[in-house]
Amino acid sequence: MKRLYIIFPVFLLMGMPAIVEAAGISHACAYTQNGVITGRITTSDGQPAEFATVLLNNKTVVQVDKAGTYRIGELPAGTYTITVRFAGQQTQARTITLQDGETVTADFALQISAKALNEVVIVGDKYTVTAKKRSNTASRLPLEYLENPQVYNVVDKELIAEQMALTLEESFRNIPGAAPAKTGAGMPAFFSRGFLTTDNLRNGMATYLRTGIDLVSVERVETVKGPSSTLFGGTLVSYGGLVNYVTKKPYEKFGGEVNFMTGSYELNRLTADINAPVNAQKTVLFRINMAAQNKNDWQDQGHGSTLVIAPSLTYKVSDRLTLRLDADMQNYKGTSNTGWAVNSGVTLKSFDQLPLEYKRSLIDNSFIGHQYSRNVFAQAEYKLSSKWTSQTNYAWANGEYTDLLYFNQSWIRNDSIQRALGVFSPDKVGRRHIQQNFTGEFNTGSLRHRLLIGADFMSQYRNYKYASLILDTVNVLSATIRDVKVQKAEEMLARLSTPPIMSRQNAYGAYFSDVINITGNLLVMASLRLDYFENKGTTNNLSRATTGAFDQLALSPKFGIVYQPVKEKIALFANYMNGFKNEGDVLQPDGTTISLKPQQAEQIEGGVKLDLLNNKLSATISYYDISVSRIRRTQEINGQNFIVQDGTQESKGVEAEVIGNPFPGFNFVAGYGYNKNKYTKSNKDVLGKRVIGTPEHVGNVWLSYSLLNGSLKGLGIGAGVMYVSDAFYNATNTFSMPAYTVVDATLYYNQPRFRLSVKASNITNEHYWISDGFYSRPQPPVNFLAGIAYKF
């Protein structure tokens, strides 16, 4: 089997030219082909000019990428004018005569050095708004944002730096309709479109975390909305969408940054980002990001330290072959996030009515655990031809809890709390993900095709030992509440006999996606995935008994259409998307076993995307309707509760996003999401009720302005607001988490060699709670952060 994994990508790579030829796709086609103009914009010392703007006939705007390259495709034969602009530089223009099917290269060199260019870009803290909306992950194809019939959002490193965001969940505040959450012992998550999104992809591949995600190594955060099982499988995504964070990659010059931050609750944080070409030819590039942080919790107990190391290596073997290898290792030592539950004995209606001081934790600093996350990513990208590319990806992810002790605090009455302890000793999880993609472009007659053909294999395991202890019950109205020490918990644990548990699953997938340009303004997308899931069951390592083994086959289609009434400015889009979740066999009360089918979600969505004012304003508004079927529920038959699979759920709503840079130095990001969801067929106690944790309204806005000229150039200010309406804590909708509004602001002074910044978070000192649909957690009150960075 291992030999097959190695041979399969090589066989496809060798056979692709024959496949292409057999399909009649060759450069010798008799029909007319459109041409391409491409090139590279560099500085006077040969470095890429990333923020230059390219215009076609003084109308169509194309932003160059990080390597300084641009590409304008789908051009009929004719004469064109290519114009290059950059702030403060003389405009350059060139006339190009293009023949049928021809690719013409037009390179430009600015009359400014990379160092001087750095001052122009960095001092003003500029970030473009629509050029960075392009994502190869969202569709696994090189589609522009207006060409993609699906909604996705991007938070880039410039916005992350401006907001002084440190963790992945902080970036979620810029995602329309996303309500931040946390799962387990603190992994990032959010509610989107009525569903909880918990897994986080890394560079489009699987992770398996047992820590949070520090943003020190993150280039950008992407969220793809709606059920996306067609391209990503059912294991890694929810029906509300997926999160993909893209890590920082090496570039072709020496540079970096060292940053120190300090803040409320004894926060001290030191980070470093160092990039250097390894050889003179700049074919081997290396970059490393590191972070070390200590912080006390904002409540009366709790503390933790974090260490992150993230190296990245790129080797350009030839013009055709590029190899990439990167990793990140994150360690956390300290107390874990406390989860709060509310039982049926509570008659109050909301967390803010409970009679406990907001900063009381009822835990003890002696309960220290260790959490680890490891990710390794390897990629081989090979250009088969000017039209076809092979990409082989490998990801290994591993996470672990070691003696993790976390409190489960349950309100059992209006004035009483039961303190319980969950213990993992240990909990080891891992995923191995192998993926082979072929992407290409060809014509059949007058139709342009952009095709993805792919296959992947993922295996995952979990080996854990878990115990739960009830420590005591305390009355919160009492004058004194006794401490609880780790020694007492260890004595109780020693009397337990908890078996270690091992589970394993494999998933095999094959998929394709074809984007067809019917005309230059109209395109359609058709995609399909075949997925085979193999659950090897859960084994009790003491009794050696294995239960729950099953296998399942699923088909997941996806269709989309885009029409641009104004080319590259306005796009009307619609899609049908499918999601699925594997369901295992169920033992019924009468001793029989039923085999369930995969749970299914179907989304219909439509909307409009805008790219206006010469790439200075981007807007998206969409309406979606998601229907979920084959939900498990109980049904009483002859006095016994049987499992049936006929439950249904509906979630519908509207999302809108506007991003703008209307004039130099001023930027804004704004979003809104409205969601209405309910169980349409279920047990009586939840029928017609709203799903746990899902707010009806979520809104966000961030505004910033930087001085670009004068003696104070580089001075900037930013401010933002996030609003989340109330959400229900329990499935019967009798207890809620109150609505909240959080206001943040930053002040910064940005220069080519240094950056000074301060941040005030939750300025209005709002008391609010977030949930993962099971536990809830109070969030920090007003707090401050200050940083100083040196750049080289």
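Residues numbered from 1 in each chain as written. Predicted model: local features only at pLDDT ≥ 70, side-chain atom pairs only at ≥ 80, totals over all residues. Heavy atoms only, no water.

Some remarks on the overall build of the chain
Part 1 of the argument: Scanning the chain from N- to C-terminus turns up 7 helices and 46 strands.
Part 2 of the argument: By the compact-globule yardstick of 28 Å for 792 residues, the chain fits well, its C-alpha radius of gyration being 27 Å.
Part 3 of the argument: With respect to the principal axes defined by its C-alpha atoms, the chain has extents near 80 × 65 × 45 Å.
Part 4 of the argument: Residue burial in the chain is summarised as follows: out of 792 residues, 53% are buried.
Part 5 of the argument: If you take every contact in the chain between residues at least 6 apart in sequence, the share linking residues at least 24 apart comes to 67%.
Part 6 of the argument: Surface accessibility of the chain: about 33000 Å² in total, with carbon and sulfur atoms responsible for 57%.
Part 7 of the argument: Of the side-chain charges in the chain, 79 are positive and 67 negative, and the distance between the mean point of each set is 2 Å. (Helix = DSSP H or I, 4+ residues; strand = E, 2+ residues; numbered from the N terminus. Rg over C-alpha atoms; globule rule 2.2 N^0.38 Å. Buried < 20%, exposed > 50% of the residue type's maximum accessible area, 1.4 Å probe, protein only. Contact = heavy atoms within 4.5 Å. Areas by Shrake-Rupley, 256 points an atom, 1.4 Å probe, with all protein chains shown as cover. Lys, Arg positive; Asp, Glu negative; His and termini not counted. Charge placed at Lys NZ, Arg CZ, Asp CG, Glu CD.)

A word on the pairing of strand β46 (residues 783-791)
Part 1 of the argument: Burial along β46 is one-sided: the face carrying Asn783, Leu785, Gly787, Ala789 and Lys791 is buried and the face carrying Phe784, Ala786, Ile788 and Tyr790 is not.
Part 2 of the argument: Note that strand β16 (residues 255-263) and β46 share 7 bridges and pair antiparallel. Bridged to Glu257 within β46 is Lys791.
Part 3 of the argument: Relative to β46, strand β43 (residues 754-761) runs antiparallel, the two being bridged by 8 bridges. Directly across from Phe754, in β46, lies its bridge partner Tyr790. (Pairing = 2+ DSSP bridges.)

Points about the pairing of strand β14 (residues 218-225)
Within a regular strand, side chains alternate between the sheet's two faces.
Part 1 of the argument: The element β14 is extensively covered by neighbouring structure, given that 8 of its 8 residues are classed as buried.
Part 2 of the argument: Bridge count for strand β9 (residues 152-156) against β14 is 5 bridges, and the pairing is antiparallel. Across the sheet, Asn153 pairs through a bridge with Thr223, a residue of β14.

Some details on unusual backbone geometry
The phi angle of most residues is negative, glycine excepted, and most peptide bonds adopt the trans form.
Part 1 of the argument: Pro426 follows Ser425 through a cis peptide bond whose omega is -5°.
Part 2 of the argument: At Asn203, a residue that is not glycine, the phi angle is positive and equals roughly 55°.
Part 3 of the argument: Here Asn203 shows up in the loop between β13 (200-202) and β14.
Part 4 of the argument: One non-glycine residue, Leu362, adopts positive backbone phi at about 60°.
Part 5 of the argument: Within the element layout of this structure, Leu362 appears in the loop between β21 (339-342) and β22 (369-383).

Describing the sheet that holds strand β10 (residues 179-183)
Part 1 of the argument: Taken in spatial order, the 3 strands of this open sheet run β10-β11-β12, and their pairing is antiparallel. Across the chains shown, the open sheet's two edge strands, defined by having one partner strand only, are β10 and β12 (195-197). Sheet twist, expressed as the mean angle between neighbouring strand axes with direction ignored, is 35°.
Part 2 of the argument: One ladder, built from 5 bridges, connects β10 with strand β11 (residues 187-192); its direction is antiparallel. Residue pairing in the sheet places Pro180 in a bridge with Phe190 of β11. (Axes fitted to C-alpha atoms, helices over the stretch in contact; angles between N-to-C directions.)

Some points on the pattern of salt bridges
Where charged atoms from two side chains of opposite charge approach closely, those side chains can pair.
Part 1 of the argument: If you walk through the whole model with that rule in mind, you get 35 salt bridges.
Part 2 of the argument: For the salt bridge of Arg210 with Asp427, the shortest nitrogen-to-oxygen distance reads 3.4 Å. Here Asp427 lies in strand β25 (residues 416-444) and Arg210 lies in the loop between β13 and β14, a separation of 217 residues in the sequence.
Part 3 of the argument: Between Arg632 and Glu583 there is a salt bridge, with its nearest N and O atoms 3.6 Å apart. Pair noted here: Arg632 is in strand β35 (residues 617-637) and Glu583 is in the loop between β31 (570-581) and β32 (585-587), with a separation of 49 residues, a long-range link.
Part 4 of the argument: Judged by its relative accessible area of 38%, Arg632 is partly exposed.
Part 5 of the argument: The buried category is assigned to Glu583, whose relative accessible area is 12%. (Salt bridge = Lys/Arg side-chain N within 4 Å of Asp/Glu carboxyl O.)

Here's the deal with the nonpolar core
Part 1 of the argument: With 25 residues, the main nonpolar core has Tyr152, Phe232, Leu236 and Val515 as its most contacted residues.
Part 2 of the argument: At the level of elements, β9, α6 (229-232), β26 (447-475), β27 (501-517), β28 (522-540) and β31 are the ones that each hand at least two residues to this core.
Part 3 of the argument: Sequence-distant contacts of Tyr152, that is, excluding residues within four places in its chain, are made with Lys133, Arg134, Ser135, Ala138, Tyr145, Thr223 and Val224.
Part 4 of the argument: One finds Ile160, Ile175, Ile213 and Leu404 within the second-largest nonpolar core, a separate group that totals 24 residues. (Core = buried A, V, L, I, M, F, W, Y, C linked by side-chain atoms within 4.5 Å.)

Re the confidence of the model for the chain
Part 1 of the argument: Within the chain, residue pLDDT values average 89, and 93% of them lie at 70 or more.
Part 2 of the argument: Confidence over residues 1-31 falls short of pLDDT 50; this stretch has 27 contacts with residues more than four positions distant or in other chains. (pLDDT = per-residue confidence, 0-100.)

A word on empty space enclosed by the protein
Part 1 of the argument: In this structure the tally under the stated criterion is 13 cavities of 30 Å³ or more.
Part 2 of the argument: Considered as a void within the structure, the second largest cavity measures approximately 160 Å³ in volume.
Part 3 of the argument: Looking at the second largest cavity, it is lined by 14 residues, and the ones nearest its centre are Gln163, Arg173, Asn174, Trp702 and Asp744.
Part 4 of the argument: When residues of the lining of the second largest cavity are traced back to their parent elements, those giving at least two are β38 (697-706), β39 (715-724) and β42 (740-750).
Part 5 of the argument: Its residues assigned to classes, the lining of the second largest cavity shows 6 nonpolar, 4 polar and 4 charged. (1 Å grid on protein atoms, 1.4 Å probe; cavity = no way out; pocket = protein on both sides within 12 Å on 5 of 7 lines; lining within 4 Å. Points joined across faces, edges and corners; volume = space filled by probe spheres on them. Nonpolar A, V, L, I, M, F, W, Y, C, P; charged D, E, K, R; others polar.)

Brief notes about the sheet that holds strand β15 (residues 241-247)
Sheet strands line up and pair through hydrogen bonds in the backbone, either parallel or antiparallel.
Part 1 of the argument: In spatial order, the strands read β9-β14-β15-β13; together these 4 strands make up an open sheet with mixed pairing. Each end of this open sheet is capped by a strand with a single partner; those strands are β9 and β13. Averaged over all neighbouring strand pairs, the angle between strand axes comes to 20°, with direction disregarded.

Remarks on the side chain of Asn398
Part 1 of the argument: With respect to the element layout, Asn398 can be found in strand β23 (residues 388-402).
Part 2 of the argument: At 3.1 Å, the side chain of Asn398 and the backbone oxygen of Val429 are in polar contact. (Polar contact = N/O pair within 3.5 Å; in protein donor to acceptor, adjacent residues only side chain to side chain.)

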